[in-house]
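# Examining the three-dimensional arrangement
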Amino acid sequence: MYNIAVLPGDGIGPEIITETIKVLQAVGEKCGLEMKFTEALVGGAALDATGVPLSDETLELCYNSDAILLGAVGGPKWDTLPVHLRPEAASLLRLRKELDLFANLRFVKLFPGLVDGSPLKREIVEGTELVVIREATGGLYFGEKKRERTAEGERAVDTLVYNTFEIERIGRLAFEMARKHPRKHLTSVDKHNVLASSRLWRDIMNKLAKEYPDVNLEHMYVDNCAMQLVRNPRQFSIMVTENMFGDILTDEASMLAGSIGMLPSASIGGKVALYEPAHGSAPDIAGQNKANPLAAILSGALMLRYSLSAEEAALSIEKAVNSVLEAGYRTGDIMAPGMKRVGTVEMGDLVAKSVKEEAL
Ligand code: IPM
Ligand code: MG
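All values derive from a computational prediction rather than experimental measurement.

Time to look at the pattern of salt bridges. Evaluation of the coordinates by the stated rule reveals 23 salt bridges. Residues K22 and E19 are paired through a salt bridge, measuring 2.6 Å at the closest nitrogen-oxygen approach. With K22 and E19 both in helix α1 (residues 13–31) and three residues apart, the pair spans about one turn of that helix. Under the relative-accessibility criterion, K22 is labelled partly exposed at 24%. Using a relative accessible area of 3% as the deciding quantity, one classes E19 as buried. Residue E211 is joined to R172 by a salt bridge in which the shortest nitrogen-to-oxygen separation is 2.7 Å. With E211 in helix α7 (residues 196–211) and R172 in helix α6 (residues 164–180), the pair connects residues that are 39 residues apart, well separated along the chain. For E211, a relative accessible area of 41% translates into the label partly exposed. What emerges from the salt-bridge pattern is a single network uniting E19, K22 and D349.

Right, dumping it as structure tokens:
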């Protein structure tokens, strides 16, 4: 029996998590996997109910679980709060930090059933399958920040800091993943021509490369990378980069897969891994049965693969997602002419049904 901590969060979070659990239960029954889901509050929802965005109880539950499934946090209601109360920093970023989830793996895969769903041309995107390994507990997000008065007005400072050990551990993880990939190609993304932290980053990647002679390491500037992603995405297989660069590049890369609503993620490295869609809480469509639950459902598949070692079950979900897309069902974000528009719940039902029906 696996214990799963479920943190639905804010906005569309609860809706997409409901569909994810529906699909996980379907695959659990089919593959004989027992999972116990325990819900807890996180983000703005937790702040409203308890006064803090991440309570000790929720943290405790996370520590005592085999994996964590998270929806999304944040919303306009909490946007003007001081940073220590804002759901993003005080719950999501704190969770990543507390649990030492230094590697955020974002899987950009264009499902064959959705080639028409990408705003980019078929010749460019078809066959795109890449992983961005985003460093998630350091870099620009976690360096010293301050805001102060000066003679001219005000000044704000954010710092991009990396220690050797932080770059080494994410680098090692990236090389290990690249080694297992058929192409054995690793793209390290930095801004070596401008940033001191990128120069340390590159030095360490080069040092690690000596231990992985079978992996072909390539360095790329982040601005060039942003362009290359839409020019020729198939050149990439495994990428590794700083926290903020990874945040920006993965929003861009998600469109290669059709929509930000298609991008799942796994945060690993610490004691308990966390699985969440890469998108936000989308308050503008919350509660309207419009959100695409597939990024969350696919994050559930990643959880089965990486935390529960249930590869067959993970594949079963991914196959079901592709079948549903191939059958022409689309939420609004991936809608195309001639396709069948469905809501969040219908999409979850379709995937769960397809999981149950398909042979193992
Ligand atoms: C993400 C999100 C978060 C981030 C926000 C909500 C703090 O954009 O997971 O990419 O910037 O890491
Ligand atoms: Mg982001």
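Summed over the entire model, instances satisfying the criterion amount to three aromatic pairs. Judged by centre distance (5.5 Å) and plane angle (55°), the rings of Y162 and W201 are tilted. Here the residue Y162 occupies a position in the loop between β7 (153–158) and α6, and W201 occupies one in helix α7, the gap between them amounting to 39 residues. As far as burial versus exposure is concerned, Y162 and W201 are alike and both buried. Ring geometry for F175 versus Y212: centroids 4.9 Å apart, planes at 20°, classification stacked. Highlighted residues: F175 in helix α6 and Y212 in the loop between α7 and β9 (216–221), separated in sequence by 37 residues. When its relative accessible area of 3% is taken as the criterion, Y212 is described as buried. The side chain of R134 reaches across the aromatic face of Y141, ending 5.1 Å from its centre. Over the face of the ring belonging to Y329 we find K340, whose NZ or CZ atom lies 4.5 Å from the ring centre.

Right, let's get into the domain arrangement of the protein chain. When cut into domains, the protein chain gives domain 1 (1–101 + 263–360) and domain 2 (119–257). If you average the C-alpha positions of domain 1 and of domain 2, the two centres end up 25 Å apart. In this complex, domain 1 contributes seven residues to the contact, which on the side of domain 2 involves nine residues. In total, about 800 Å² of surface goes out of reach between domain 1 and domain 2, with carbon and sulfur atoms giving 65% of it. At the boundary of domain 1 and domain 2, one finds one salt bridge. Among the ionic pairs, D100 bridges to R169, the shortest N-O distance being 3.6 Å. Broken down by class, the residue content of the side of domain 1 that touches domain 2 amounts to four nonpolar, no polar and three charged.

Below, the discussion takes up the nonpolar core. As a rule of thumb, nonpolar side chains are buried together in soluble globular proteins. Among the nonpolar cores identified, the biggest contains 90 residues, and I133, M303, L304 and I317 are the most heavily contacted of them. Ranked by residue count, the leading element in this core is helix α10 (residues 294–306), at eight residues. Residues from two domains meet in this core; each of domain 1 (1–101 + 263–360) and domain 2 (119–257) gives at least three. Here L304 is in contact with L24, V27, L33, M35, S309, A310, A313, A314 and I317, once residues within four sequence places are set aside.

Quick notes on the rules
- In this numbering scheme, every chain counts its residues from 1 along its sequence in written order.
- Throughout, the order in which chains and ligands are written sets their labels, letters from A for the former and numbers from 1 for the latter.
- For this predicted model, a pLDDT threshold of at least 70 governs which residues receive local features, and a threshold of 80 or more governs which side-chain atom pairs are given and counted, while totals over whole chains, interfaces and linings are taken from all residues.
- Excluded from the side-chain calculations are hydrogens and water; all other atoms, namely the structure's heavy atoms, are used.
- Note on definitions: salt bridges are taken to be side-chain nitrogens of Lys or Arg within 4 Å of carboxyl oxygens of Asp or Glu.
- In DSSP terms, a helix is any run of H or I states spanning at least four residues, a strand is any run of E spanning at least two, and both are numbered starting from the N terminus.
- With a 1.4 Å probe rolled over the protein chains alone, any residue whose accessible area is under 20% of its type maximum counts as buried; one over 50% counts as exposed, and the rest are partly exposed.
- When the centres of two rings from Phe, Tyr and Trp lie within 6.5 Å, Trp using its six-membered ring, the rings pair. Their planes under 30 degrees apart give stacked, over 60 give edge-to-face, and anything left gives tilted.
- Comment: the charge-over-ring label is applied if NZ (Lys) or CZ (Arg) is within 6 Å of the ring centre and within 35 degrees of the ring normal.
- In this entry, domain limits derive from an automatic or database-based domain assignment.
- Contacts are residue-level and defined by heavy atoms, with any inter-residue pair within 4.5 Å sufficient.
- Once two parts are put together, the accessible area they lose, assessed with a 1.4 Å probe and summed over both, is termed the buried area.
- Think of it as three bins: nonpolar holds Ala, Val, Leu, Ile, Met, Phe, Trp, Tyr, Cys and Pro, charged holds Asp, Glu, Lys and Arg, and polar takes everything else, Gly as well.
- Side-chain atoms within 4.5 Å are what join buried Ala, Val, Leu, Ile, Met, Phe, Trp, Tyr and Cys residues into a set we call a nonpolar core.

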